Structure formats: structure tokens, C-alpha cells
Number of protein chains: 2
Amino acid sequence: MKIIEGGVTAAEGFQAAAVAAGVKKANRKDMALVYSTVPCQAAGTFTTNVVKAAPVKWDQQIVYSQEKVQAIVCNSGVANACTGQEGMENCQKTAQAAAKALNIGENQVLVASTGVIGQQLPIEKICAGVEQMAPLLSEKKEAGTMAAQAIMTTDTVSKETAVQIQLGGKTVTLGGMCKGSGMIHPNMCTMLSFITTDAAISKEMLQKAMSSTVADTYNMISVDGDTSTNDTALVLASGLAGNPEITQENEDYHTFLEALRQVNETLAKKMAADGEGATALFEVKILGAKDKAQAVTLAKSVITSSLTKAAIFGHDANWGRILCAMGYSGAQFDPEQVDLFFESAAGKLQIIENGVAVDYSEEEATRILSEKEVTAIADIKQGEASATAWGCDLTYDYVKINADYRS
Amino acid sequence: MKIIEGGVTAAEGFQAAAVAAGVKKANRKDMALVYSTVPCQAAGTFTTNVVKAAPVKWDQQIVYSQEKVQAIVCNSGVANACTGQEGMENCQKTAQAAAKALNIGENQVLVASTGVIGQQLPIEKICAGVEQMAPLLSEKKEAGTMAAQAIMTTDTVSKETAVQIQLGGKTVTLGGMCKGSGMIHPNMCTMLSFITTDAAISKEMLQKAMSSTVADTYNMISVDGDTSTNDTALVLASGLAGNPEITQENEDYHTFLEALRQVNETLAKKMAADGEGATALFEVKILGAKDKAQAVTLAKSVITSSLTKAAIFGHDANWGRILCAMGYSGAQFDPEQVDLFFESAAGKLQIIENGVAVDYSEEEATRILSEKEVTAIADIKQGEASATAWGCDLTYDYVKINADYRS
């Protein structure tokens, strides 16, 4: 696998465009269009929130059917969530505008929105934006980057990645972009992720690969524990790489799966690191678990602990909070078997051995925890399973971003 | 039921004392002793965290046995959690010191600690403190207040309450004190609650009453979602009121239960309102649930949502976050049936009707949300069950208290 430059336009046949359609104020890019020159197999995963935004419902209808997909329209600024029947009609109007501009069917168009909850889309602006973007579509790297910028809300950096693999003697490319975690009118941490690939793969295997990698990547990050109404991860596969179509779990499938996992993990970590107000990416590894489920439960409990996140912000080796968060996770383990380490670019340091603090240097611990990416590693010595979760620190700016936006 | 002044010394036969034993720095009171002149039935509930502090294990041994109890020794400053065998031995040494000073058995002494995790108790200071407190024991109201002050950590106010009821022609008093939520060396939100009563009640019925009221009171508050290693709620019943002993679920039991619920709810709300960094008590009522479990799940999901808590800090009627937190709670409901209201001393305002925003005034909503106690009421129109949870807003000071303590 080779990591390359680029994003949603890296794979063969994918084009993108972006415009400032006036959904956000101040002439900022707020709409993106991703287009494939040929119909694609589509797969996706969506928020488990009972309160689902209209575009989530629209996309589910299409992704769960046998329709092939050729376009994704995404806007930032307004989430189109809690908008009732009018919200659903606006999804259809958006898809119709794209269908007309691109000469495809409205059921070949996926839609996605991110922004404030409870407001209706400014649908005339959205449809005008779609018309404006169609002639701007380009396969250039810069077009992908502009699309990644257009879907940002309180994100401080745009987020793209791409990789190449060899399948059946053909070069297959996967690229993607995502946004998270916040909004111009912050209302909730929304994650959107769009992956494109020129791999030839059946719809069934594409969904299988996407679902299995999402569990280890996007579902293992947390900024604030609040699951959005709009979370959406989509993958489009055009087949233009010309590799033998993947229709079963063969070697090619596993090569593709690993590449997709790499793309999704990279994007997921970029979101966690750019969490609202974050100053550090916080990684938690659980080792020695008796099974994967136990490892996941423990890792997620630590990554979502407000007290632990505040300690990371303070560069404070407050290991009691980590052990405590593991303790209330619901997973069973013996606290008096736990070893705990902190690790970063500045080194690795053991803090606890068998549940009791070793004689470590607080200064060295603080030095390690002062890096931009820090890891806590807990070995519970029950078995061979492991899990990794990613989050960020809890900072004044998180409170500021989420308390002050109307003032 | 009559609400009266006082705390742990309000009921017949209960005495208290407090000293500065040197566990905390700067000559601050850090130890409390509660003593009953006669042996008491004892009941309690304890943290469900897998990582349990030594005093929790000590108290469970006694409360779950048939031992009667005459004293509680509590220190602040050090939590005696993650302290291994030495931590357990220090519980016993503390109990032995109290047994000697009070001329009772060591198994008649409960112990409790709150403070930093992972440090051993300064056991000589603790034992000296116990000896110092024994001759200071007093049944005066002031003695109870001093005890309530001695168990404070990052608490900004001490927390006491007391009520009186009539049982079988006798006046029965219940009083209590608690602490939460934070520490001088903040390490985790620890809650300790101590209730005393002169009611005559069997151990079995006392435990039943305590467990059932804890579910609706302490278990319905959250400051930061982090369940402590030290959480302990204890009740001692001396029988000195002379009422007919409560041994079954008769009318007296229900009168007692309601009084105990009142005491526990009052203390629980005091803790939520004094949550670390809090500027407001945030109450969430779920109405129209199909059963209690569903109502509890929904109420707790809202009360622990960081985004909702930050919005309360900002006096922002950000109802989308509340609906979102209900949506990811795991409880099933129809978002398009939900009515939502905000209420406080400044008034009551409907925000959503059947899942969609009504045309409310943002200014009036902000005025309502600017009070010290604010309530969100969600009616999901599925049935008759309801639940109430209490929390607080998420503020800069929460981050400051929990990030900066070593700097």
C-alpha cells in the first residue's frame, strides 16, 4: 500500500467542485459536489441516533437499494435535521437539481448536510449552487481540496487522504475527505466522510468492507460523546481501475479492506485531532483484553471521560482518572493486574504496575504529555485482544465554542 | 413532613465533631466523626465502579453483615483508592483508633475518604485526628455543620438537610450531610452522603428504603459522567425516637420512605448545583414515557450531554442538542411527537411542538435560561411514566479545576 497525495478526486473518474452558495454568511465556500463519470457501487454507514436528519434518510433509501450512484451533493451551514416533511422535500429538490445539471437520475444522487439543527435549507440557494458547480467539475487534486474545504464548519483544517494498492496487476486508488467536529453555528459534532475508489467491487462486498472498517475507525473516535443526527460515511466505487471485480472475501478483498481501513483511520484521527477546541490528539490503547468487545468498551470509556480529557489538556499524568474510567466502563477486569504507560514523540514511561503507581518522574510524564499526540496504553493481562480509540483534550475553547455562539 | 434546620446531629442521640488533622494543607478541617450514643442499624449503597477504594470495601463488609454501627470516620484530602493492601490496613487502623477512643468494637466503625487517588493515607495523622475528635463530640447543630465542612473538597458550600415526621405518635427525625463534587487535589467527582435518623426500623427495611430512594436521587445526578471509586451513601438508624419498629412495608414505612427520599433528593440537588465550576442547577424532566426505565435513560442522556451543558452555560435555547441527546440515549421514541419546554423562576416557555420548533422568542428563552436553576421538560407522549435528573452547566471553571491543579 502506498500513501499518495489527494482526496476524493484521486481515484480514476472522480471529479469535484465547490462554491459559496450563500448558505453560510460572508462569501465562504459552503457546497461541494462529487461526481463520477460512470455509475458507482455505493455503500455507507449512518448515525444510530433515533433523531435522523433528512439527508440521512434520503441516503439510506438509496444505499440500501440496488441503485448505482454518480453524485454526492453536500452543504455546510444548515444540517437539515428536525425539519419534518419540508426537510425531506428539500433533499429531493437538491437531488433533482443535480440530476438535471448532470443528466443522471435523481436516485443516483446522495445528499449530505452539516450545520445548525432545526432550520430549513435555503433551497433556492442550494439548487442554484448545484447548477453553478456542475460546469466547474474537475478531476484535479485542487478540486478535491476545495470540496474538502467547502464542507468544513468549525473544523480548523480540511481533511483528505488517499492510498494506492495493486489488485490483479492493476493500480487501484482510494481517496477520501471528511469533516468534523463542529459548526459555524455549533449545534453538534457532525461527522461526514466521503470515500471514492476506482476499484471494481460488488455492492455487497463494498458494504461489508465499509461496515467492518467503520467499527474500528470512525466508531472509535469521540470529541464530546454526543452522537450527531447527521453522521454519514459514504464510499463510491467506480470500477474504472479495471481490476478483477471483488465478489468474495479473497486476497484482493483483504488488500482492499486494509487500504480502506487505512483511509478511514487516517480521516478519523484527523477529526479527533481537530475536535472542537482541542490542543492534542489523545490515543488510548487497551492491550491484553480477553476479547475485542471488552477492549473496545474500556478504550471508549477512557476516551470519553471528561476528567481524563481535562487532565490531558493540563499535561497532567492523572492516572487515577484513567483507571477510574476503566472501572466504570461496565467491563470486568482486575484493577490490581493493570499496567499503564504514557507514550508520545517525547518517549514512553510506565506509570502503574499491577494497579499501583511505580516511582515515575512527574516531570518526565508531563514532558511526554506535552506533545501534540499522546497515547495511554493499558495492559489488563487477561488475554490477547486489543483496541485503540482516539479523542482529544477538553479545553476552555470547547466550552467557548459551544456556549458563546449566539453572543 | 416538616423540613427543619440541621444535619447529621438533628436526630436523637447523634453527635459529631471535626478537626484539622493535617491531611490537607493550610490548617483546614479535614476529618469528621459521627457518633451515635446507641448501636444503630446501618444501610448503605456504594460505587458500582470495578475500581473500589479501600473504605468502600471496608464499609461493605460491615453494612452487608448483621453488625450494628456506632460511628463513621471520614477524611478529605486523600481518597485511599488504588492503594492495595496497605490501603485496607489503614481502614482497619482508623477503625481501631475510633473503637479505642469511643469504647466500641472496630466492626462498629464505618470509614470514608475523599481526595486524591493513589496516595496512601497519612495514617498517624488520621489516628491522632480520631483521638482528638472523640472528646469534642457534640449533639449541637453547629457540630453537624462543622462535620459537613470538614468533608468538603472543591465544594464551595457545605451541604446539610433535615426533616421530621410522625410515626406511631412519636416524632422521628432524619438528618444528613454530603459532599460533592470535586477535591482540593481534584482527581474525581466523589460523592459521600451520611444520613442519621432516630427512627426504629429493621436493617432489612432500612436498606430497602435507602436503595429505593438512592435510585431516584443520587443516581439521577451527574456533574461530569465520571463515576467515582469512592461513592458512598450511608444511613444509620438509632431507634431512639421510640416509634413502633418498622419491619414491613406498612404505612409508617411509606412515611419514612418519603422523608428519606426528601432528605436524599435535597442533598443530591445540592451536589448537582455545586458541581465543579457550575453556575446553574440544570433539571431535566421526562414526561409521557411508556415506563420508568425509558424516562430515566432519556433524562440521564440529556443531563450528561456536554453540548447541552455548554449551551446551558451560554443561556442558549439550543433545543437541537437536547433532542439529539434523547435520540442517542438508546431509548426508542418518536421524535415527531416530542414537546419541549424550558422553565425557571423567570417563567415557562414552549420551544418545540411535535418535534418542530414553535415560533418562540429567543430573548424570552435566554431570560428563562439565565436563572440559577433551570429546567427542561420533554413530553414524549407514549405513556404515563416520568423521571427527573439533575446536573449542572459545563463551564470554563470545570476545565480549569480539572486541568490546572498541578500548575
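In this text, all values refer to a predicted model and were calculated from it rather than measured experimentally. (Residues numbered from 1 in each chain as written. Chains lettered and ligands numbered in written order. Predicted model: local features only at pLDDT ≥ 70, side-chain atom pairs only at ≥ 80, totals over all residues. Heavy atoms only, no water.)

Below, the discussion takes up the overall build of chain A. Tallying secondary structure elements over chain A gives eleven helices and 15 strands in all. The C-alpha atoms of chain A give a radius of gyration of 22 Å, which matches the 22 Å a tight globule of 407 residues would have. Going through the 407 residues of chain A one by one, you find that 62% of them count as buried. Of the contacts formed within chain A by residues at least 6 apart in sequence, a portion of 79% connects residues at least 24 apart. (Helix = DSSP H or I, 4+ residues; strand = E, 2+ residues; numbered from the N terminus. Rg over C-alpha atoms; globule rule 2.2 N^0.38 Å. Buried < 20%, exposed > 50% of the residue type's maximum accessible area, 1.4 Å probe, protein only. Contact = heavy atoms within 4.5 Å.)

A word on the environment of Gly-275 of chain B. With respect to the helices, strands and loops of the structure, Gly-275 of chain B is situated in the loop between α6 (251-273) and β10 (281-289). The sequence separation of Gly-275 of chain B and Thr-154 of chain B amounts to 121 residues, and the corresponding C-alpha distance is 8.9 Å.

A few words on the sheet that holds strand β10 (residues 281-289) of chain A. Residue and element names in this part refer to chain A. Taking strand neighbours across the sheet as the criterion, the six strands line up as β13-β12-β11-β14-β10-β15 in an open arrangement whose pairing is mixed. Both outer strands of the open sheet, β13 (356-357) and β15 (385-392), are each paired with one neighbouring strand and no more. Direction of pairing for strand β11 (residues 339-344) relative to strand β14 (residues 373-379): antiparallel, over a ladder of six bridges. Paired with Leu-340 across the bridge in β14 is Ala-378. Lying on the sheet, helix α10 (residues 362-369) is in contact with β11, β12 (347-353) and β14; it crosses β12 at an angle near 125°. (Pairing = 2+ DSSP bridges. Axes fitted to C-alpha atoms, helices over the stretch in contact; angles between N-to-C directions.)

With that settled, consider the packing of helix α5 (residues 203-216) of chain A against helix α6 (residues 251-273) of chain A. Any two packed helices are characterised by how steeply their axes cross, that is the angle between the axes, and by the distance between the axes. Residues and elements named next belong to chain A. Look at α5 against α6: their axes get within 9 Å of each other, and the N-to-C directions meet at 45°. Relative to α6, α5 is oriented oblique. Seen from above, α5 lies across α6 with right-handed handedness. When α5 is examined against α6, the residues Met-205, Leu-206, Lys-208, Ala-209, Met-210, Ser-212 and Thr-213 are found in contact with a partner set consisting of Tyr-253, Phe-256, Leu-257, Leu-260, Arg-261 and Asn-264. Classifying every residue of the contact of α5 with α6 by side-chain character gives eight nonpolar, three polar and two charged. (Parallel < 35°, antiparallel > 145°, perpendicular 65-115°, else oblique. Left-handed = near helix turned anticlockwise from the far one by under 90°. Nonpolar A, V, L, I, M, F, W, Y, C, P; charged D, E, K, R; others polar.)

The next thing to look at is α5 of chain A. Residue and element names in this part refer to chain A. If you check α5, its first and last C-alpha atoms are 21 Å apart, about what 14 residues at 1.5 Å a residue would give, namely 20 Å. Within α5, burial applies to Lys-203, Met-205, Leu-206, Ala-209, Met-210, Thr-213 and Val-214. Across the axial projection of α5, the buried residues extend over an arc of 165°, all falling on one side. Along its buried surface, α5 packs onto β3 (31-46), α1 (54-63), β8 (192-197), β9 (232-237) and α6. (Expected span 1.5 Å × (residues − 1). Arc of directions from axis to C-beta.)

A few words now on the pattern of salt bridges. Scanning all chains against the criterion turns up 16 salt bridges over all chains. What you see here is one network of salt bridges that share partners, running through Asp-155, Lys-159 and Asp-274 of chain A. (Salt bridge = Lys/Arg side-chain N within 4 Å of Asp/Glu carboxyl O.)

Below, the discussion takes up the confidence of the model for chain A. All names here are of chain A. Averaged over every residue, the pLDDT of chain A is 89; the share at 70 or more is 95%. Note on residues 182-189: pLDDT under 50 across the span, and 49 contacts to partners over four residues away in sequence or across chains. Scored by ipTM, the complex comes to 0.77, with pTM at 0.80. (pLDDT = per-residue confidence, 0-100.)

Backbone hydrogen bonds hold the strands of a sheet together, and the pairing may be parallel or antiparallel. Residue and element names in this part refer to chain B. Reading across the sheet, the six strands line up as β13-β12-β11-β14-β10-β15 and stay open at both edges, with mixed pairing between neighbours. Only two strands of the sheet have a single partner each, and these edge strands are β13 (356-357) and β15 (385-392). Of the strand pairs in this sheet, strand β12 (residues 347-353) and β13 are connected by two bridges, and their pairing is antiparallel. Residue pairing for β13: Glu-353 is matched across the bridge by Val-356.

Residue and element names in this part refer to chain B. Among the structural elements, Glu-364 can be located in helix α10 (residues 362-368). For Glu-364, a relative accessible area of 28% puts it in the partly exposed group. For the pair Glu-364 and Ala-346, spaced 18 residues apart in sequence, the C-alpha separation works out to 8.9 Å.

What follows covers unusual backbone geometry. In this structure, Cys-82 of chain A is a non-glycine residue whose phi angle is positive, near 60°. Inspection of the secondary structure assignment puts Cys-82 of chain A in the loop between β4 (69-78) and α2 (84-102). Residue His-315 of chain B is not a glycine yet carries a positive backbone phi of 55°. Its relative accessible area of 28% is what places His-315 of chain B among the partly exposed residues.

What follows covers the pairing of strand β2 (residues 14-19) of chain B. All names here are of chain B. The element β2 is largely enclosed, with a buried count of six among its six residues. By the bridge criterion, six bridges tie β2 to strand β3 (residues 31-46) in an arrangement that is antiparallel. From the neighbouring strand, Ala-18 faces β3, where its bridge partner is Ala-32.

Residue and element names in this part refer to chain A. The geometry of α1 relative to α2 is characterised by a closest axis approach of 8 Å and an angle of 55° between their N-to-C directions. Regarding the angle of α1 to α2, the classification is oblique. Viewed along their axes, α1 and α2 form a crossing whose handedness is right-handed. Facing α1, whose interface residues are Ala-54, Pro-55, Lys-57 and Trp-58, α2 presents Gly-87, Met-88, Cys-91, Gln-92 and Ala-95.

Residue and element names in this part refer to chain A. Along helix α4 (residues 141-150), the positions that sit buried rather than exposed are Ala-143, Gly-144, Ala-147, Ala-148 and Ala-150. Angular distribution of buried residues about the axis of α4 spans 160°; they occupy a single face of the element. On its buried face, α4 is in contact with β2 (14-19), β3, β4, β6 (159-167) and β7 (170-179).

In this section: the side chain of Thr-153 of chain A. Of note, Thr-153 of chain A is situated in the loop between α4 and β6. Within polar-contact distance, the side chain of Thr-153 of chain A engages the side chain of Lys-179 of chain A at 3.0 Å. (Polar contact = N/O pair within 3.5 Å; in protein donor to acceptor, adjacent residues only side chain to side chain.)

Residues and elements named next belong to chain B. For strand β4 (residues 69-78), a buried count of ten out of ten residues is recorded, marking the element as mostly surrounded by other parts of the structure. Where β3 meets β4, six bridges bridge the pair, whose relative direction is antiparallel. Residue pairing for β4: Met-31 is matched across the bridge by Asn-75. As judged from the eight bridges shared by β4 and strand β5 (residues 109-116), these two strands associate in the parallel manner. In the sheet register, Ala-71 faces β5, and the bridge partner there is Val-109.

Attention shifts here to the packing of aromatic side chains. Residues and elements named next belong to chain A. Using the criterion set out here, one finds five aromatic pairs over all chains in the structure. With 5.9 Å between their ring centres and 85° between their planes, Phe-46 and Tyr-64 make a pair best called edge-to-face. Placement of the pair is Phe-46 in strand β3 and Tyr-64 in the loop between α1 and β4, with a sequence separation of 18 residues. Using a relative accessible area of 12% as the deciding quantity, one classes Phe-46 as buried. Measuring from centroid to centroid gives 5.5 Å for Phe-313 and Tyr-396, while their planes differ by 85°, and the two rings are edge-to-face. Of this pair, Phe-313 sits in helix α8 (residues 306-313) while Tyr-396 is found in helix α11 (residues 396-403), placing the two residues 83 residues apart along the sequence. A residue is classified by how much of its surface remains accessible, and Tyr-396, at 26% relative accessible area, is partly exposed. (Phe/Tyr/Trp six-rings, centres within 6.5 Å; stacked < 30°, edge-to-face > 60°.)

This brings us to the environment of Val-214 of chain A. All names here are of chain A. Mapped onto the elements of the fold, Val-214 is located in helix α5. Sequence spacing of Val-214 and Lys-292 is 78 residues, and the spatial spacing of their C-alpha atoms is 15 Å. Excluding anything up to four places from it in sequence, Val-214 contacts Thr-45 and Asn-219.

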